[in-house]
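# Descriptive structure summary
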Amino acid sequence: MQKLKKEICENLKRKLDGLNDMHGLTVSEIEEFIETPPDPAMGDFAFPCFRLSRVLRKAPAQIAKELEEGLSVRGISKVESSGPYLNFFVDSSYLPEIVDSIVSLGEKYGSADIGHGGNVVLDYSSPNVAKPFHIGHLGTTVIGHSLKKIHSFVGYNCIGINHLGDWGTQFGKLIVACRLWGSEKEIEEGGIDKLVELYVRFHKEAESDPSLEDAARAEFAKLEQGDPDNTAMWRWFIKISIEEYKKTYRMLGIEFDSYNGESFYTDKMPAVVDELREKGLLKKDDGASIVDLSEYSLPPCLILKKDGSSLYPTRDIAAALYRNRTYAFEKCIYVTSAQQILHFQQWFKVVELMGYDFAKKLVHVPYGTVSINGTKLATRTGNVVLLRDLFSLAVEKVKSIMEAKNPDLPDRDEVAEKIGVSAIVFHYLMNTRSHDINFVLDDALDFDGNSGPYAQYTYARACSIIEKAGESAPVGGGTVTSPLESDLIKVLAEFPEKVLVALREYEPSVIVRYILDVCYSFNRMYHECRILNAENSDVRDFRVKLTRAVRTVLGNAFDLVCISKTEKI
Ligand code: ARG
């Protein structure tokens, strides 16, 4: 369809150049004008003539009429003016070409080379060590990873960084709690759960014994000075935590290129503070050091506390300078909850004031909050729902649904894990990221609803048809014999454009909703048109080939949004 659109625009350009006193729109400018009519009965592409009206000094409807005359485009069966619009109808004889190109491009279909191998750094997931990895981290983890996949798909070289919260006073607390109430053996066995338990206990006990807080501060100060015992403990906590996170990442098919967290930048901080001072940006404020941003209607950015210790923004500035030096990035993307919008505005501004041009390549991608209801989830730590528990619960529920549906399926446990985890991801990513969402597990797992399982079922259906068809249908030729086939092909043709929209808007939901469009359209065709037992072998071959195109598009789209592919359910 992209090709067809280009062809239309090239023809329109020739036509427009023929009309007098045109100021010469370029083909790509014309392309930006092209719309998709709201109702397919009005055509597949529309060119609105409003904006030409001033230049040409004619009514839009008349321009549409003049353009219509004698305009013919290969692959377009009809060009028709309708009021101020010029509408184009795709010739159904062109559609098999689209199917062929999807099938032959395979895994490359929908990709592009707009990144030219440039570096894009993505900072996402980034949990705080020894604090629970909870449902609030679902957004940064799956949005971040999808954005990484989407950027790679369009030709960027992506570097995924897990900017662990691995530095701060919580480590002093944990060290105290461990020495008082923990044992090495218990912690080795209990892992992160034990650490969180100790951390929670610390807070409880500190309520009645404030001296604990002083002890924690003292231990953290020792850690900052490089005390060997405390450093060893700190390293151990991080190791335990990363091992645990990796279990969740493995379920999601996520790997990071770097686990350089906040602690990695401790030795890079003094240089940043010096630079800020040299550039005249630092100000003393009640003993603390700040950068005044009042001129930009922002609250001051805190750089150093009264006691001289550095803060979250300072570490982010140091990290950005380091990443720019190390990766010379074209974009550095941060995915966090919307609660951190101000934090990013502030320190992005500071980087700009330091005179760094790369400040405009820093992108914050915020997302809304998640709440859960409709399901009781056992929580071990107060009110937070752990991500791992949410996944396990989903997997258990899927297992019982599948036991009823398909008791003989081999590898049922493995398939159930893929479906359960993907159901959560799908349900979450379906929403526009800035919206706050209320997570209803039963909706996520509704096999007949707009859900991950529904999409995976559709994918498995396509796989099974292809398998049963045996010999792959020859690429080339075929004819469209049903309007449902045309509709489906047109939906499949939208994929490359959807990828670009998702990229431009940092919005994986565009891909997830598109997956649903493909599924509806394919299932409608599947129910109305016979595929394997079609009326003759030409029709059958074409429909099998179309099914292969569906599998390609769904598979490519699933990969972009962390949904696993299941050939059998
Ligand atoms: N650890 C932080 C949190 O859990 C998120 C870090 C985001 N990345 C960054 N470079 N600030 O809230």
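Up top you'll find the structure we're talking about.
One structure accompanies this document, and this report is about it. (Residues numbered from 1 in each chain as written. Predicted model: local features only at pLDDT ≥ 70, side-chain atom pairs only at ≥ 80, totals over all residues. Heavy atoms only, no water.)

### Side note on the overall build of the protein
A tally of helices and strands in the protein yields 21 helices and 12 strands. If one aligns the C-alpha atoms of the protein with their principal axes, the spans along those axes are about 85 × 65 × 35 Å. A buried classification covers 54% of the 569 residues belonging to the protein. Across the protein, contacts joining residues at least 24 apart in sequence account for 73% of those joining residues at least 6 apart. As displayed, the protein has an accessible area near 25800 Å², and 48% of this comes from carbon and sulfur atoms. When the 68 basic and 82 acidic side-chain charges of the protein are each reduced to a single mean position, those positions are 1 Å apart. (Helix = DSSP H or I, 4+ residues; strand = E, 2+ residues; numbered from the N terminus. Buried < 20%, exposed > 50% of the residue type's maximum accessible area, 1.4 Å probe, protein only. Contact = heavy atoms within 4.5 Å. Areas by Shrake-Rupley, 256 points an atom, 1.4 Å probe, with all protein chains shown as cover. Lys, Arg positive; Asp, Glu negative; His and termini not counted. Charge placed at Lys NZ, Arg CZ, Asp CG, Glu CD.)

### Quick look at the pattern of salt bridges
For the structure on display, the rule yields 37 salt bridges. The residue R412 makes a salt bridge to E403 at a minimum N-O spacing of 3.5 Å. The exposure class of E403 is partly exposed, given its relative accessible area of 45%. What you see here is one network of salt bridges that share partners, running through D193, E244, K247 and R388. (Salt bridge = Lys/Arg side-chain N within 4 Å of Asp/Glu carboxyl O.)

### Notes on the site of the ligand
Taken together, the residues surrounding the ligand are D123, S126, N128, H137, H163, Y312, D316, Y334, T336, Q340 and F344. In the model, a nitrogen atom of the ligand is placed 2.9 Å from a nitrogen or oxygen of the S126 main chain. Contact distances for the ligand include 3.0 Å between an oxygen atom and a side-chain N or O atom of Q340. In isolation the ligand has 350 Å² of accessible area, and contact with the protein removes 87% of it. Only α12 (312-327) and β9 (331-337) provide two or more residues apiece to the shell around the ligand. Within the shell around the ligand, the residues separate by chemical class into three nonpolar, six polar and two charged. (Near = heavy atom within 4 Å. Polar contact = N/O pair within 3.5 Å; in protein donor to acceptor, adjacent residues only side chain to side chain. Nonpolar A, V, L, I, M, F, W, Y, C, P; charged D, E, K, R; others polar.)

### Some points on the pairing of strand β10 (residues 362-367)
Taking burial as the measure, the six residues of β10 include six buried ones, the bulk of the element. Residues L362, H364 and P366 of β10 are buried on one face, and the alternating residues V363, V365 and Y367, pointing to the opposite face, are buried as well.

### Examining the nonpolar core
Membership of the largest hydrophobic core comes to 159 residues, with the highest contact counts inside it found for L12, F47, F88, Y428, F495, I511 and I515. Sequence-distant contacts of F47, that is, excluding residues within four places in its chain, are made with L12, L16, I30, F33, I34, L52, L67, P84, Y85, L86 and F88. Membership of the second largest hydrophobic core comes to 35 residues, among which are V272, I303, I317 and W347. (Core = buried A, V, L, I, M, F, W, Y, C linked by side-chain atoms within 4.5 Å.)

### Comments concerning the side chain of Q456
Residue position: Q456 is located in helix α17 (residues 452-469). According to the relative accessible area criterion, Q456 is buried, its value standing at 0%. Beyond its immediate stretch of four places on either side in the chain, Q456 contacts K418, I419, S422, F558, I563, S564, T566 and I569.

### Brief notes about a negative patch on the surface
A cluster of acidic residues, D411, D413, E414 and E417, forms a negative patch on the protein surface. Summarising the element assignment, D413 is placed in helix α15 (residues 412-429). Assessed through its relative accessible area of 48%, D413 is described here as partly exposed. (Patch = residues over 30% accessible without salt bridge, like charges linked within 9 Å, V, L, I, M, F, W, Y side chains within 5 Å.)

### Some words on the packing of aromatic side chains
Applying the stated criterion across every chain yields a total of 28 aromatic pairs. An aromatic cluster is defined as three or more aromatic residues linked by ring pairs; in this entry it consists of Y124, F133, Y245, Y249, F256 and Y259. Between the NZ or CZ atom of K268 and the centre of the ring of F264, over which it lies, the distance is 4.1 Å. (Phe/Tyr/Trp six-rings, centres within 6.5 Å; stacked < 30°, edge-to-face > 60°. Lys NZ or Arg CZ within 6 Å of the ring centre and 35° of its normal.)

### Concerning the packing of helix α6 (residues 136-153) against α15
In contact at an axis separation of 11 Å, α6 and α15 are set at 85° when each is read in the N-to-C sense. The orientation of α6 relative to α15 falls into the category roughly perpendicular. The segment α6 lies against α15, with L138, G139, V142, I143 and S146 engaging I424, V425, Y428 and L429. Of the residues contributing to the contact of α6 with α15, the split by class is seven nonpolar, two polar and no charged. (Axes fitted to C-alpha atoms, helices over the stretch in contact; angles between N-to-C directions. Parallel < 35°, antiparallel > 145°, perpendicular 65-115°, else oblique.)

### Details of unusual backbone geometry
Backbone geometry at S126 places phi at a positive 40°, although glycine is not the residue there. Note on placement: S126 falls in the loop between β4 (119-123) and α6. Accessibility expressed as a relative area gives 17% for S126, which makes it buried. Backbone geometry at C562 places phi at a positive 60°, although glycine is not the residue there. Examined against the element boundaries, C562 turns out to sit in the segment after α21 (537-560).

### Regarding the pairing of strand β7 (residues 288-291)
Neither face of β7 is left uncovered, since the one carrying A288 and I290 and the one carrying S289 and V291 both have all their residues buried. Bridge analysis of strand β6 (residues 282-285) against β7 gives four bridges, and the strand direction is antiparallel. Residue pairing across strands places K284 opposite S289, the latter belonging to β7. What sits between the antiparallel neighbours β6 and β7 is a turn of two residues, in which D286 has the positive phi angle 55°. Here three bridges tie β7 to strand β8 (residues 301-304), and the two strands are oriented antiparallel to one another. Of the residues in β8, the one forming a bridge with V291 is C301. (Pairing = 2+ DSSP bridges.)

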